Amino acid sequence: MFICICNAITERQVREAVAGGAHTMSDLQAQLGVASCCGCCSDTASEYLPGGRQAAYPAVHDMVETIEAAANDTALPLGFTEVVARRA
């Protein structure tokens, strides 16, 4: 998802900048250029900063290994593929 349309900054880029140490909107502006044009994205971008609404949620691509591990867990009564096959 694009956070900043003017500068083509994605959610992934914002999350990576925050993970890399960006703690303020000024940090994001300096690293990525977020909200340096029209400013419409500043509220959305700030939600990814520490304490923001999106900061508590991991990105989907960060959860892939966890999902794959759970899908291949032999301790579960049904494997992930069996459940999918039964629903089809």
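What you see is a predicted model, and the numbers here were worked out from it, not measured in a lab.

The next point concerns the pattern of salt bridges. The tally for this structure, following the rule as stated, stands at two salt bridges. The partner of Arg15 in a salt bridge is Glu11, and the shortest N-O contact between them spans 3.2 Å. A residue pair is termed a helical-turn pair when its members lie 3 or 4 positions apart in one helix, as Arg15 and Glu11 do in helix H1 (residues 11–19) at four residues. Its relative accessible area of 16% is what places Arg15 among the buried residues. For Glu47, the salt bridge identified is with Arg53, shortest N-O distance 3.3 Å. For Arg53, a relative accessible area of 57% puts it in the exposed group.

Reading guide: rules and limits
- For every chain, the first residue of its written sequence is number 1, and the numbers climb from 1 along that sequence.
- Given that this is a predicted model, residues contribute local features only at a pLDDT of at least 70 and side-chain atom pairs are listed and counted only at 80 or more, while totals for whole chains, interfaces and linings are drawn from all residues.
- To obtain the side-chain values, all non-hydrogen atoms of the structure were used and water was disregarded.
- For salt bridges, the criterion is a side-chain nitrogen of Lys or Arg within 4 Å of an Asp or Glu carboxyl oxygen.
- Only DSSP runs of H or I covering at least 4 residues are called helices, and only runs of E covering at least 2 are called strands; the numbering of each starts at the N terminus.
- A simple rule labels every residue: compare its accessible area, found with a 1.4 Å probe on the protein chains alone, to the largest value its type can have, and call it buried under 20%, exposed over 50%, or partly exposed in between.

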